[in-house]
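Topology and contacts: notes
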Amino acid sequence: MIYMKRVVTIQDISCFGKCSLTVALPIISAMGIETAVIPTAVLSTHTGKGFTGYTFHDLSDDISGISNHWKSMDLKFNAIYTGYLGSISQVQIMSDFFDDFGTDDNFIVVDPVLGDSGKLYAGFTDEFVSEMRRLCAKADYILPNMTEASFLLSTPYIEDCDELQAKEILLKLAGLGCKTPVLTGVRKGGLHGAGAYDSVKNEFYFAYSKHIDRNLHGTGDIFASVFTGAVTLGKNLRRALEISVKYIYDCIEVTMPYFEEMWYGNCFELCLDRLISYTKEDE
Ligand code: PXL
């Protein structure tokens, strides 16, 4: 009997706005992976640019009940992937969840969702950043953008970060205690991509696509979902990075004709077929 791979992703549901769970669930599922979820909060929209007056319902109190039930069922996951967390206590709850469900055979991905374009998202403080830094130490992979890396490392935000600068940042991120940091938003001439550092093999990897000069919300969540899915499927780090960067390019490209209406997210649904084909290319 061949069992499906199984991921659990833990982040909020922004009911409208195409990010976090409404992105992770369809994307990881489309990659042929069973996707369990723990919603950490329900918001009417995400908290990013363009939305004000959103509702926020904290579900922290539900998480331990879900986790205890799962423990009683002896549920196992190939990967645990956390995204946007709404409070300091939720970050601490995730740390306990890693202790309960992390094994020698699975891996942990922390997307340290903190901010973008050099700024923290609404509601996040320096104390929250410190707590997120501690959670990163428990992860196999962390996936910050440039803004998040600068807050995690308390270093200046670099808008156009080249490979040399990215390598320095990746080394410092590994110093936080995670095995493989992955940095998005790396630039090389007219290209845009991501870099990764495998601290066990002491090797760097980079993948690029053409740069499109548009900032679309939710892109980081798409990247993290695809990357988690690709590693879960057994792709090596270089290939996981390539697939993630390629699909992000596809998403931005298909969104461009709708950019005016789609100021709040990506049309990732329109190119899921391409993602599926990338995951099958090297089978
Ligand atoms: O895309 C990251 C994200 C996820 N969830 C919520 C957010 C954001 C970014 O703004 O506000 C609620």
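Rules behind the numbers
- Residues numbered from 1 in each chain as written.
- Predicted model: local features only at pLDDT ≥ 70, side-chain atom pairs only at ≥ 80, totals over all residues.
- Heavy atoms only, no water.
- Helix = DSSP H or I, 4+ residues; strand = E, 2+ residues; numbered from the N terminus.
- Rg over C-alpha atoms; globule rule 2.2 N^0.38 Å.
- Buried < 20%, exposed > 50% of the residue type's maximum accessible area, 1.4 Å probe, protein only.
- Areas by Shrake-Rupley, 256 points an atom, 1.4 Å probe, with all protein chains shown as cover.
- Lys, Arg positive; Asp, Glu negative; His and termini not counted.
- Charge placed at Lys NZ, Arg CZ, Asp CG, Glu CD.
- Near = heavy atom within 4 Å.
- Polar contact = N/O pair within 3.5 Å; in protein donor to acceptor, adjacent residues only side chain to side chain.
- Nonpolar A, V, L, I, M, F, W, Y, C, P; charged D, E, K, R; others polar.
- Salt bridge = Lys/Arg side-chain N within 4 Å of Asp/Glu carboxyl O.
- Right-handed = clockwise from strand over helix to strand, strands pointing away.
- Contact = heavy atoms within 4.5 Å.
- Pairing = 2+ DSSP bridges.
- Axes fitted to C-alpha atoms, helices over the stretch in contact; angles between N-to-C directions.
- Phe/Tyr/Trp six-rings, centres within 6.5 Å; stacked < 30°, edge-to-face > 60°.

Attention shifts here to the overall build of the protein. For the protein, the count of helices and strands is 9 helices and 11 strands. Against the compact-globule benchmark of 19 Å for 283 residues, the protein has a radius of gyration of 17 Å, which places it among compact chains. For the protein, the proportion of its 283 residues judged to be buried stands at 53%. With an accessible surface of roughly 12700 Å², the protein has 52% of that area assigned to carbon and sulfur atoms. Of the charged side chains in the protein, 24 are positive and 37 negative, and the gap between their average positions amounts to 5 Å.

On to the site of the ligand, then. In the vicinity of the ligand, 13 residues are found, and the nearest of them are Asp-12, Thr-47, Tyr-84, His-217 and Asp-221. One of the side-chain N or O atoms of His-217 is found 3.4 Å from an oxygen atom in the ligand. One of the side-chain nitrogen or oxygen atoms of Asp-221 is found 2.7 Å away from an oxygen atom of the ligand. For the ligand, the protein covers 98% of the area, taking 320 Å² as the surface of the free molecule. Each residue belonging to the shell around the ligand can be placed in one class, and the counts come to 5 nonpolar, 6 polar and 2 charged.

A word on the pattern of salt bridges. Taken as a whole, this structure holds 14 salt bridges when the rule is applied. We note a salt bridge from Lys-18 to Glu-269, for which the minimum N-O separation is 3.1 Å. Taken together, the residues Lys-18 in the loop between strand E1 (6-16) and helix H1 (21-30) and Glu-269 in the loop between helix H8 (237-255) and helix H9 (272-281) connect sequence positions 251 residues apart. A relative accessible area of 17% means that Lys-18 is categorised as buried. For Glu-269, a relative accessible area of 40% corresponds to the partly exposed category. When salt bridges with common partners are traced through the structure, they connect Arg-239, Glu-242, Lys-246 and Glu-281 into a single cluster.

Let us look at the pairing of strand E5 (residues 107-110). Side chains Phe-107 and Val-109 of E5 all project onto a buried face; the interleaved residues Ile-108 and Val-110 project onto the opposite face, where all are buried too. Handedness of the crossover is the feature at issue here: the chain leaves strand E4 (residues 79-82), passes through helix H3 (residues 88-101), returns alongside E5, and the resulting connection is right-handed.

Mapped onto the elements, Ser-67 comes out in helix H2 (residues 60-72). By relative accessible area, Ser-67 is classed as buried at 6%. Residue contacts for Ser-67: discarding those within four places in its chain leaves Phe-97, Asp-100 and Phe-101.

What follows covers the environment of Lys-246. Tracing the chain through its elements places Lys-246 in helix H8. For Lys-246, a relative accessible area of 33% puts it in the partly exposed group.

Here we take up the sheet that holds strand E9 (residues 180-188). Strand order in the open sheet formed by 9 strands is E3-E2-E1-E4-E5-E8-E9-E10-E11, with mixed pairing between adjacent strands. Each having just a single partner strand, strand E3 (56-58) and strand E11 (203-210) make up the two edges of the open sheet. Judged from the 9 bridges that link them, E1 and strand E2 (residues 34-45) form a sheet pairing that is parallel. Following the sheet pairing, Ile-13 is matched in E2 by Val-42. Its contacts with the sheet put H3 on E1, E2, E3, E4 and E5, and the angle it makes with E4 is roughly 175°.

Moving on to the pairing of E11. Of the pairings in the sheet, the one linking strand E10 (residues 191-198) to E11 comprises 8 bridges and is antiparallel in character. What sits directly across from Ala-194, in E11, is Ala-207. As consecutive antiparallel partners, E10 and E11 are separated by 4 residues, and within that stretch Asn-202 has a phi angle of approximately 55°, a positive value.

In this section: the environment of Trp-263. Looking at where Trp-263 falls in the secondary structure, it is placed in the loop between H8 and H9. Spatially, the C-alpha atom of Trp-263 lies 8.0 Å from that of Gly-50, the residues being 213 residues apart in sequence. When neighbours within four sequence positions are excluded, Trp-263 is seen to be in contact with Lys-49, Gly-50 and Phe-51.

Turning our attention to the packing of aromatic side chains. This model, assessed by the stated rule, comprises 17 aromatic pairs. Summarising the aromatic geometry, the rings of Phe-51 and Tyr-264 are spaced 6.3 Å apart at their centres and angled 50° between planes, so their arrangement reads as tilted. Residue Phe-51 is found in the loop between E2 and E3, and its partner Tyr-264 is found in the loop between H8 and H9; the two are separated by 213 residues along the sequence. Both residues of the pair, Phe-51 and Tyr-264, count as buried.

By themselves, these are just geometric observations and shouldn't be taken as functional.
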